[in-house]
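# Examining the three-dimensional arrangement
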Amino acid sequence: MTQSDSLLQLLKKHFGYERFRENQLQIIEHVLDGKDSLVIMPTGGGKSMCFQLPALALKGTALVISPLIALMKDQVDALRANGIQAAFYNSTQAKEEIEEVLSALENSHLDLIYVAPESLALLAPTLAKTPLSLIAIDEAHCISSWGHDFRPAYTQLGRLKVQFPEVPLIALTATADKPTQDDIAAQLGISEAKRFVSSFDRPNLFLEVRPGQKRLQQILKFLDAHPFESGIVYCLSRKSTEQLAAKLSSAGHRAQAYHAGMSAQDRADAQEAFVNDRTPIIVATIAFGMGIDKSNVRWVIHYNMPKNVEGYYQEIGRAGRDGLAATTLLFYSYADTIQLRQFIQGASNENYQIAKLERMQQYAEALSCRRKILLNYFGEFIQKDCEHCDICLNPPTYFDGTLIAQKVLSAVTRLQEQAPLGTLIDVLRGAQNAIVFDKGYQHIKTYGAAKDVAWNDLQHYIIQLINQGYLEIRFQAALHETPNNPKALRPTKNGRLALTPLSNEVLYKGAYVKLAKVVKTHAVVSEKTVVKKAHPELYEQLRLLRAELARDQNVPAYIIFSDASLKDMVVKQPQTPEEFKQVSGVGQAKLERYAPDFIHLIKSFVSNQPKDAPTKIKATKKRKNNTLDQTKKLIEKGYSLEEIAETRQLTISSIYNHLIKLHEQGMDIDFDPMIHASEIKQVLEAKAQLDEPDKLKSYYLHFEEQMPYWKIKLALYLQEVQEA
Ligand SMILES: [Zn+2]
């Protein structure tokens with residue numbers, strides 16, 4: 001058997017994986033050869049396997065230096081769950097626990113010992129007597145003052161190579177540019193170490209950016225398409241985390257807020273509930289996520305645009321660490337950009353921050369492959385499009401935007417460069433609202449000139465005009481007096497739109513303007529796994545069993561099984577230990593420990609599946625007809641709607657729905673007392689404006705939850721009947 005075969009066997013036995021990920025095998029073989037390595041691998045790339053597997057293959061104990069005590073504990077828990085002898089040593093432990101660890105170490109009972117750099121000196125006497133298999137230094141960028149996270153205690157790690165010259169050393173980090181890499185190698189005394197630099201690409205992340213309109217509605221729809229999945233929504237402010245979490249909760253989702261203004265206890269509770277999948281959704285400021293090792297985060301949504309690409313990449317990087325498909329969604333709005341600029345104004349490094357913000361904005365507004373932009377930003381120059389971002393799936397098509405541009409620029413002129421974006425759009429579309437009427441804008445010549453263009457589309461085109469330099473956002477009117485508007489000397493709060501030298505080319509010289517068509521965001525597939533479509537109930541039952549076991553054992557759920565393993569169970573539906581062993585992520589230890597519970601569940605699920613699916617549908621239909629009949633009978637007996645609801649133990653809403661159905665079936669029902677003509681009018685007006693007029697929820701949210709669902713439905717139904 002070759003070395004790589006036996007390593008694969010070891011991988012399957014202890015970790016349950018069938019194959020290595022990018023670079024892992026090469027790195028592991030390099031360590032087994034007794035050589036030093038410097039590993040740059042993005043979070044989620046499988047860094048720890050690079051030292052955990054050699055630790056099992058080699059004699060002696062592996063010394064692992066890790067800076068975060070919480071992460072250390074998680075890793076040790078995960079190793080133990082896989083039947084591996086691992087322990088940690090740090091300042092938080094009780095005396096007895098420390099003695100136990102030291103004795104296990106001295107007697108060579110440990111495959112791995114994790115230690116914080118600050119505690120290394122205390123462990124030194126014992127280490128001197130212990131045969132070491134390898135030394136791994138995790139988060140190695142902390143040794144470099146060039147790095148973004150310097151820790152003084154790390155500088156003492158240079159002594160390790162002097163003290164243990166024969167032991168292979170492996171330094172690992174997720175982020176280090178070239179100068180930082182050189183510095184790490186020099187300080188650790190491993191200048192000759194082979195460098196393994198993995199790509200920053202996270203191909204399992206789907207990248208999408210949408211205009212930040214009706215974000216709540218968009219998020220609710222997104223959640224409907226991602227049932228049972230765990231995810232993070234990042235917001236700019238503490239207040240908005242709380243508001244959004246409350247709205248999601250009232251819509252029936254298990255969601256919680258997290259921000260630095262909460263007490264330490266509340267934050268710890270929220271974090272724990274999230275890690276253990278009790279609260280699958282966390283709505284947080286960027287304070288959330290540092291040091292959280294949760295592999296099954298399936299999506300990350302940015303409610304607001306982050307202030308630079310580094311932050312954005314780090315935050316979306318929290319999704320899909322298990323390597324399975326994960327979705328990221330960024331809402332981009334013009335208002336956010338303005339707010340971020342205001343935060344930055346006056347900062348000591350203002351120019352630097354503005355430049356970073358502009359790179360982020362360019363990413364959000366990109367009309368070419370987003371992954372290419374990101375990787376280029378991090379210095380990986382790639383040519384090929386990724387085919388896994390919204391732009392690749394829906395490449396923009398261009399059209400002659402000259403006429404629209406002329407209308408827009410002409411309106412800006414006539415508004416004397418005083419209107420912010422929203423007002424400009426309202427005027428162009430001929431909106432009849434207070435802002436327009438107060439200022440008398442309905443009298444200007446371009447009022448309603450673009451009423452055939454949808455509000456959102458028009459906004460998109462105007463932003464494109466700004467990006468192409470045909471318009472500029474003006475914050476300080478006093479500094480920008482123009483011939484068009486000699487009186488504009490008031491300082492401005494909102495960005496107002498003003499002309500640029502390029503505008504004249506369009507307005508007076510007939511310059512051609514190219515615009516990209518607006519892509520309908522709903523057209524972009526939010527991938528939902530096929531597996532879940534097939535058996536969402538089984539997946540949910542497996543998930544609940546996992547949560548229960550996790551609670552019993554007081555470990556995070558993913559330590560029992562990853563989402564990948566659960567999905568594989570849904571596909572394979574193993575009913576014997578032999579079959580169970582074929583599931584991805586099932587090694588010997590997990591087979592023995594968990595197979596009985598999971599097999600039991602799967603067996604009973606399979607035996608309860610209806611043999612003949614159509615019968616089930618028929619049964620439901622029959623039940624529905626029955627329920628209508630019962631309502632009908634009570635109406636005929638003269639019961640009021642409230643009495644029917646009471647008698648039948650149903651909500652009044654259901655009864656209204658019955659009425660609509662009965663009317664459809666030909667029953668004579670007078671709806672007049674139930675809904676006022678003005679209410680019908682409101683609903684129909686909303687229908688003309690809404691992005692998704694076929695979704696009742698859109699109306700419900702549009703009316704700020706003030707109009708009940710049944711009434712919306714009834715109004716739409718009555719209009720339909722009238723039109724028919
Ligand atoms: Zn792409």
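This one's a predicted model, so the numbers in the text were calculated from it and none came from an experiment. (Residues numbered from 1 in each chain as written. Predicted model: local features only at pLDDT ≥ 70, side-chain atom pairs only at ≥ 80, totals over all residues.)

Next up on the list: the overall build of the chain. For the chain, the count of helices and strands is 33 helices and 17 strands. For the chain, the spread of C-alpha atoms along the three principal axes comes to 90 × 75 × 45 Å. For the chain, buried positions account for 37% of its 724 residues. Look at the contacts in the chain between residues 6 or more apart in sequence, and 70% of them connect residues 24 or more apart. (Helix = DSSP H or I, 4+ residues; strand = E, 2+ residues; numbered from the N terminus. Buried ≥ 20, exposed ≤ 12 C-beta atoms within 10 Å, placed from the backbone. Contact = placed C-beta atoms within 7 Å.)

The strands that make up a sheet are held in pairs by hydrogen bonds between backbone atoms, and each pair lies either parallel or antiparallel. Taken together, six strands build an open sheet; the order of strands is 8-13-12-9-11-10 and the sheet is parallel. Strand pairing shows two members of the sheet lacking a second neighbour, strand 8 (205–211) and strand 10 (255–258), which therefore form its edges. With strand direction ignored, the average angle separating the axes of adjacent strands in the sheet is 15°. Sheet topology note: the strand 9 (residues 230–234)/strand 12 (residues 297–302) ladder contains five bridges and is parallel. Note on strand 12: the bridge partner recorded for Tyr-234 is His-302. (Pairing = 2+ DSSP bridges. Axes fitted to C-alpha atoms, helices over the stretch in contact; angles between N-to-C directions.)

Strand order in this open sheet of seven strands is 3-4-2-5-6-1-7, and the pairing throughout is parallel. The sheet is open, and its two borders are formed by strand 3 (86–89) and strand 7 (194–197), each paired with just one other strand. Mean inter-strand twist for the sheet, computed between neighbouring axes without regard to direction, equals 20°. Across three bridges, the pairing between strand 5 (residues 132–137) and strand 6 (residues 169–173) is parallel. In the sheet register, Ile-135 faces strand 6, and the bridge partner there is Leu-169.

Below, the discussion takes up the packing of helix 17 (residues 402–414) against helix 21 (residues 501–509). Two elements in contact, helix 17 and helix 21, have axes whose closest approach is 9 Å; the angle formed by their N-to-C orientations is 115°. Considering the relative orientation of helix 17 and helix 21, their crossing is left-handed. Contact with helix 17, carried on its side by Ala-405, Gln-406, Leu-409 and Ser-410, involves Ser-503, Val-506 and Leu-507 of helix 21 and no other residues of that element. Among the residues forming the contact of helix 17 with helix 21, the class breakdown is four nonpolar, three polar and no charged. (Left-handed = near helix turned anticlockwise from the far one by under 90°. Nonpolar A, V, L, I, M, F, W, Y, C, P; charged D, E, K, R; others polar.)

Inspection of the secondary structure puts Leu-424 in helix 18 (residues 421–428). The buried category is assigned to Leu-424, around which 23 C-beta atoms lie within 10 Å. Spatially, the C-alpha atoms of Leu-424 and Pro-67 are 53 Å apart, while their sequence positions differ by 357 residues. Contact partners of Leu-424, with chain neighbours within four places excluded, come to Ala-411, Val-412, Leu-415, Ala-419, Ile-462 and Leu-497.

When a protein is soluble and globular, its nonpolar side chains tend to lie buried together. Of all hydrophobic cores here, the largest spans 74 residues; its most connected members are Ile-113, Ala-136, Ile-170 and Ala-171. Each of domain 1 (3–197) and domain 4 (536–607) contributes no fewer than three residues to this core. In this structure, Leu-207, Ile-219, Tyr-258 and Tyr-303 belong to the second largest nonpolar core, which totals 50 residues. (Core = buried A, V, L, I, M, F, W, Y, C linked by C-beta atoms within 7 Å. Domains from an automatic or database assignment.)

Moving on: the environment of Asn-304. If you trace the backbone, Asn-304 turns up in the loop between strand 12 and helix 12 (309–316). A residue is classified by how many C-beta atoms lie within 10 Å of it, and Asn-304, with 23 of them, is buried. Once the C-alpha coordinates of Asn-304 and Val-233 are considered, the two residues, 71 residues apart in sequence, prove to be 9.3 Å apart. When neighbours within four sequence positions are excluded, Asn-304 is seen to be in contact with Cys-235, Leu-236, Phe-331 and Asp-336.

A word on the packing of helix 31 (residues 677–689) against helix 33 (residues 709–723). Interaxial distance between helix 31 and helix 33 falls to 9 Å at its minimum, and their mutual angle equals 85°. Taken together, the axes of helix 31 and helix 33 lie roughly perpendicular to each other. For the pair helix 31 and helix 33, the contacting residues are Glu-679, Ile-680, Val-683 and Leu-684 in the first and Lys-711, Ile-712, Ala-715, Leu-716, Leu-718 and Gln-719 in the second. Counted by class, the contact of helix 31 with helix 33 contains seven nonpolar, one polar and two charged residues. (Parallel < 35°, antiparallel > 145°, perpendicular 65-115°, else oblique.)

You can see Gly-60 is positioned in the loop between helix 3 (49–57) and strand 2 (61–65). When the C-alpha positions of Gly-60 and Leu-134 are compared, they lie 8.2 Å apart, and in sequence the two are 74 residues distant. Setting aside anything within four residues of it in sequence, one finds Gly-60 in contact with Pro-131, Leu-132 and Ser-133.

Moving on: unusual backbone geometry. With a phi close to 55°, Ser-108 is a non-glycine residue in the positive phi region. Relative to the helices and strands, Ser-108 is located in the loop between helix 5 (95–106) and strand 4 (112–115). For Ser-108, a count of 14 C-beta atoms within 10 Å puts it in the partly exposed group. Of note, Gln-416 is a non-glycine position whose phi angle comes to about 55°, a positive value. With respect to the helices, strands and loops of the structure, Gln-416 is situated in the loop between helix 17 and helix 18.

As a further point, take the pairing of strand 8. Burial within strand 8 is extensive, with seven of its seven residues counted as buried. A two-sided burial pattern is seen for strand 8, the buried positions comprising Leu-205, Leu-207, Val-209 and Pro-211 on one face and Phe-206, Glu-208 and Arg-210 on the other. Two strands pair when backbone bridges link them, and strand 8 and strand 13 (residues 326–332) are joined in this way by seven bridges, in the parallel orientation. In the strand pairing of strand 13, Pro-211 is matched with Tyr-332.

The element strand 13 is largely enclosed, with a buried count of six among its seven residues. Two elements, strand 12 and strand 13, share four bridges in a ladder whose sense is parallel. Bridging across to strand 13, Trp-299 finds its partner in Thr-327. With respect to chirality, the unit in which strand 12 leads through helix 12 into the neighbouring parallel strand 13 is right-handed. (Right-handed = clockwise from strand over helix to strand, strands pointing away.)

Moving on: helix 13 (residues 334–344). Of the positions making up helix 13, those classed as buried are Tyr-334, Asp-336, Thr-337 and Leu-340. Buried positions in helix 13, seen along its axis, are confined to an arc of 155° and lie on one side of it. (Arc of directions from axis to C-beta.)

Turning to helix 17, a few remarks are in order. With 13 residues, helix 17 extends 18 Å from end C-alpha to end C-alpha; this agrees with the ideal 18 Å at 1.5 Å per step. Remark: Gln-416 follows helix 17 within two positions and exhibits a positive phi of approximately 55°. (Expected span 1.5 Å × (residues − 1).)

Moving on, we get to the confidence of the model for the chain. Model confidence for the chain is summarised by a mean pLDDT of 85, while 90% of its residues fall at 70 or above. Per-residue pLDDT stays below 50 along residues 485–493; that stretch engages in 19 contacts with residues further than four places along the chain or on separate chains. Segment residues 613–620 is flagged for pLDDT under 50; beyond a separation of four residues in sequence, or across chains, it makes two contacts in the model. (pLDDT = per-residue confidence, 0-100.)

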